Amino acid sequence: MKFIGYVFSFVWKVYFLLLFVVTLLFFFPTFFILLQKRKWYPTVFKIQRIWAATLLFLSGIVYSVKYRHPVEANKTYVICSNHFSYLDIVLLYRVIPFYFVFMAKKELRSVPLFGLFFKDMNIAVDRSSAKASHLASLQADKELKMGNSVVIFPEGTIGTTVPKMRPFKNGAFKLAIDNKIAILPITFLNNHKLLTVDPFFPSSGRPGKAMVIVHKPIETKSFDADDMLLLKTKVEHVINQSLLAYDDVKSNKK
């Protein structure tokens, strides 16, 4: 039976990858045209949300989002979440209904088709260069000052020790404090069970329900540079608490 499960997971992951490419190709001409001017970026974002919904629907993934507090569309946030699956990126386009900018590793620029979004619209970070990292931070700072929310995975890359997250980096919290912008923590509870980053065979990959918690924003107006560690710890605790609670429930059901 295990072998049958592995085969199903392999076939589904290939199917998901093909869907990703085919659906993105369908929208690509529109994206390519609209990305030529910054004033059209919000329209690109709306189409990205349609693309994400199409990909999720055709792949058999439904999602359930629990908002612990109303998310204000006219407010600017630094959005932080755990990161165990590529599915996190797709789901963010459905979970957050208002325009945001991704700040992510430069390697995404080299992803066929999808890399186009990291040429100008989103922010690609070269962490191997202090100068490049600083320039990316300045770009994120500019976006926040323009009123655009910024998504940052504070782990820096995809974690592989589920449910334990990688240590959080400082960038997101420095940006939030410097700009007095609220942090919006998000927990993706089980994306890693639906689409793992492990090799194709054997690994987990299947349709199902993705469960997401959008937590109450954490205000930073009273924080200064000396409080960065405190803020980082607080955000990490909020996200981690839900992860551990979910893992405990699943363990008790076995």
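Residues numbered from 1 in each chain as written. Predicted model: local features only at pLDDT ≥ 70, side-chain atom pairs only at ≥ 80, totals over all residues. Heavy atoms only, no water.

Chemist: I'd like to hear about helix α1 (residues 2–34), residue by residue, with values.
Modeler: The terminal C-alpha atoms of α1 lie 46 Å apart, and with 33 residues this matches the ideal 48 Å at 1.5 Å per residue to within 8%. The sharpest bend along α1 reaches about 50° and sits at F27, with the proline P29 one to four residues further on. All of the buried residues in α1 are S9, W12, K13, F16, L19, F20, T23, L24, F27, F31 and L34. Buried residues belonging to α1 abut α2 (41–58), β1 (61–67), α3 (87–95) and α6 (191–194). (Helix = DSSP H or I, 4+ residues; strand = E, 2+ residues; numbered from the N terminus. Expected span 1.5 Å × (residues − 1). Bend = angle between axes of the 7 residues up to and from the residue. Buried < 20%, exposed > 50% of the residue type's maximum accessible area, 1.4 Å probe, protein only. Contact = heavy atoms within 4.5 Å.)

Chemist: Give me the lowdown on the side chain of S242, citing residues and values where you can.
Modeler: You can see S242 is positioned in helix α7 (residues 228–253). Excluding its chain neighbours within four sequence positions, the residues that come into contact with S242 are R68, T187, L189, I213 and H215.

Chemist: Can you explain the pattern of salt bridges? Please cite residues and give values.
Modeler: With the rule as written, the count across this model stands at 5 salt bridges. Note that K106 and D126 form a salt bridge whose closest N and O atoms lie 3.7 Å from each other. With K106 in the loop between β3 (100–105) and β4 (123–125) and D126 in the loop between β4 and α4 (130–145), the pair connects residues that are 20 residues apart, well separated along the chain. Accessibility expressed as a relative area gives 37% for K106, which makes it partly exposed. K145 is the salt-bridge partner of D141, the closest N and O atoms lying 2.8 Å from each other. Of this pair, D141 and K145 both sit in helix α4, separated by 4 residues, roughly a single helical turn. With relative accessibility at 59%, the residue K145 sits in the exposed group. (Salt bridge = Lys/Arg side-chain N within 4 Å of Asp/Glu carboxyl O.)

Chemist: Which residues make up the packing of α1 against α2, and what are the values?
Modeler: Contact pair α1 / α2: the axes reach a minimum separation of 10 Å and the direction vectors enclose 160°. On the basis of the axis angle, α1 is roughly antiparallel to α2. You can see that α1 and α2 cross each other, and the crossing is right-handed. Contacts between α1 and α2 involve Y15, F16, L19, F20, T23, L24, F27, T30, F31 and L34 from the first element and Y41, T43, V44, I47, Q48, I50, W51, T54, L55 and L58 from the second. (Axes fitted to C-alpha atoms, helices over the stretch in contact; angles between N-to-C directions. Parallel < 35°, antiparallel > 145°, perpendicular 65-115°, else oblique. Left-handed = near helix turned anticlockwise from the far one by under 90°.)

Chemist: Can you tell me about unusual backbone geometry, naming the residues and giving the values?
Modeler: Across the junction of V162 and P163, the peptide omega takes the value 0°, indicating a cis bond. Tracing the backbone shows P163 in the loop between β5 (149–152) and α5 (171–179). Even without glycine at this site, L113 takes up a positive phi of about 70°. Looking at the secondary structure, you find L113 in the loop between β3 and β4. A positive phi is found at K180, a non-glycine position, where the angle reads about 55°. Mapped onto the fold, K180 is located in the loop between α5 and β6 (182–188). Note on K180: relative accessible area 36%, which makes it partly exposed.

All we've got here are geometric facts, nothing functional implied.
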